[in-house]
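# What the coordinates show
Here is what each chain is made of, one letter per residue.
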There are 2 protein chains.
Amino acid sequence: MSRKIAGPEIERLVQLLSRLPGLGPRSARKAVLSLLKRRNDLLLPLSDALQQAVEKISECPVCGNLDTVAPCSICADPRRDQSLIVVVEEVGDLWALERASIVSARYHVLGGHLSPLDGIGPEQLNVASLLTRAQSPEVKEILLALNATVEGQSTAHYISDQLATIDVTVSRLAQGVPIGGELDYLDDGTLAAAFKARRKL
Amino acid sequence: MSRKIAGPEIERLVQLLSRLPGLGPRSARKAVLSLLKRRNDLLLPLSDALQQAVEKISECPVCGNLDTVAPCSICADPRRDQSLIVVVEEVGDLWALERASIVSARYHVLGGHLSPLDGIGPEQLNVASLLTRAQSPEVKEILLALNATVEGQSTAHYISDQLATIDVTVSRLAQGVPIGGELDYLDDGTLAAAFKARRKL
Ligand SMILES: [Zn+2]
Ligand SMILES: [Zn+2]
């Protein structure tokens, strides 16, 4: 950019928005213009919603979900099947399963997958807390709903090994999940079929 | 969405972000996850930057540009050519011209183009203030840098008529602007060439 436009505040907004996935510098500028042009119905509510998010949303200490209450509303819901814990890599995967109403159980969000080259080992993920939860008497099954990627599957393998000495059934989604596919990109039907045909490991 | 996810605060964030140009519901969800995951380096600064925008950025009372000072830093800059006013439809067009360092003059942002079917007449645009500015003795030329669309050109025609009784040269960008093209999408070279070859109306 050969000349600065309109002061550092706007530049900073463009720069921050362009860090969001799916927004490049051009679309970030369009977004900022749109925000500034629609002050009352977009800029003010978004500013307020982000403020609320900063103040209220945090990671569930039990499962790693994001919510305004702790434990999260899913962990706190007594109507959910307490015998099954569905393990996912990211909160977005949890959202995908919830949107598709695949299962009414509880979750465990790892926060990613094992990636030794990036320095991500079991300690960097929520693995220890999963092992603790798995030992709770009401828990009968741990479903490893991880991405069908190399990293996701090697993470599933590692966790499955760790769970071997604990008296729970370990399962994974059926092979309906396409190879290389990420959960968040699947249609509800595929997710539902993969859930129903889940296999014991 | 068959089931609500993670409380109204997150739903509201997703909903608001999906109103930004370029973000659909899926990418808005990804953006929200990214924000919540990168609390310190993204969520907090963005929340702060939007707060700053709400408090500090407003429309320049002279030219319609967006800035934190009024008049805007362009209007207030004495080094800019005071004899030329470049008329654009939107602030994004002003940014495009500034980024390309096309001209060091002052601007006038109409806030759109004439669109009788949408109820947008001259009164809905910053036309009256342009006519007032055009009568100022130091102003010698009004460059109508409007989009090469039907609406942009009919707006240029209308303004040119209104300026007929005022002692200024009215010009438009050269035909280097492709038919149907929008300024904001042109490369700097095309913009520069179109500026240099601008014609008297
Ligand atoms: Zn939870
Ligand atoms: Zn101004």
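Residues numbered from 1 in each chain as written. Chains lettered and ligands numbered in written order. Predicted model: local features only at pLDDT ≥ 70, side-chain atom pairs only at ≥ 80, totals over all residues. Heavy atoms only, no water.

### Comments concerning helix α2 (residues 25–37) of chain B
Helix length check: α2 of chain B, at 13 residues, gives a terminal C-alpha distance of 18 Å against a target of 18 Å (1.5 Å per residue), a fit within 8%. Along α2 of chain B, the positions that sit buried rather than exposed are S27, A28, R29, A31, V32, L33, S34, L35 and L36 of chain B. Buried residues belonging to α2 of chain B abut α3 (39–56), β2 (66–67) and α4 (91–99) of chain A together with α1 (7–17) and α3 (39–56) of chain B. (Helix = DSSP H or I, 4+ residues; strand = E, 2+ residues; numbered from the N terminus. Expected span 1.5 Å × (residues − 1). Buried < 20%, exposed > 50% of the residue type's maximum accessible area, 1.4 Å probe, protein only. Contact = heavy atoms within 4.5 Å.)

### So, the nonpolar core
Core analysis: the biggest nonpolar cluster contains 96 residues, and L17 and V86 of chain A together with L17 and V86 of chain B have the highest contact counts within it. Residues within four places of V86 of chain A in sequence aside, it is in contact with L97, V103, A105, R106, Y107, H108, L143 and A145 of chain A. (Core = buried A, V, L, I, M, F, W, Y, C linked by side-chain atoms within 4.5 Å.)

### Quick notes on the coordination of the zinc ion (ligand 1)
All names here are of chain A. Distances from the zinc ion (ligand 1) to its protein donors, C60 (SG), C63 (SG), C72 (SG) and C75 (SG), fall within 2.3 to 2.4 Å. Each of the four donor atoms around the zinc ion (ligand 1) contributes to a set of angles spanning 104 to 114°, which defines the coordination as tetrahedral. The motif formed by the donor residues of the zinc ion (ligand 1), counted along the single chain, is C-x2-C-x8-C-x2-C. Accessibility assignment for this pair places C72 and C75 in one class, buried. (Donors = N, O, S within 2.8 Å, 3.2 Å for Na, K, Ca; no water. Tetrahedral: all angles 85-135°; square planar, octahedral: opposite > 155°, others 65-115°.)

### Re helix α1 (residues 7–17) of chain A
In terms of burial, α1 of chain A is largely enclosed, as eight of its 11 residues are buried. Taken together, the buried positions of α1 of chain A are G7, E9, I10, E11, L13, V14, L16 and L17 of chain A. Packing partners of the buried residues in α1 of chain A comprise α2 (25–37) of chain A together with α3, β2 (66–67) and α4 (91–99) of chain B.

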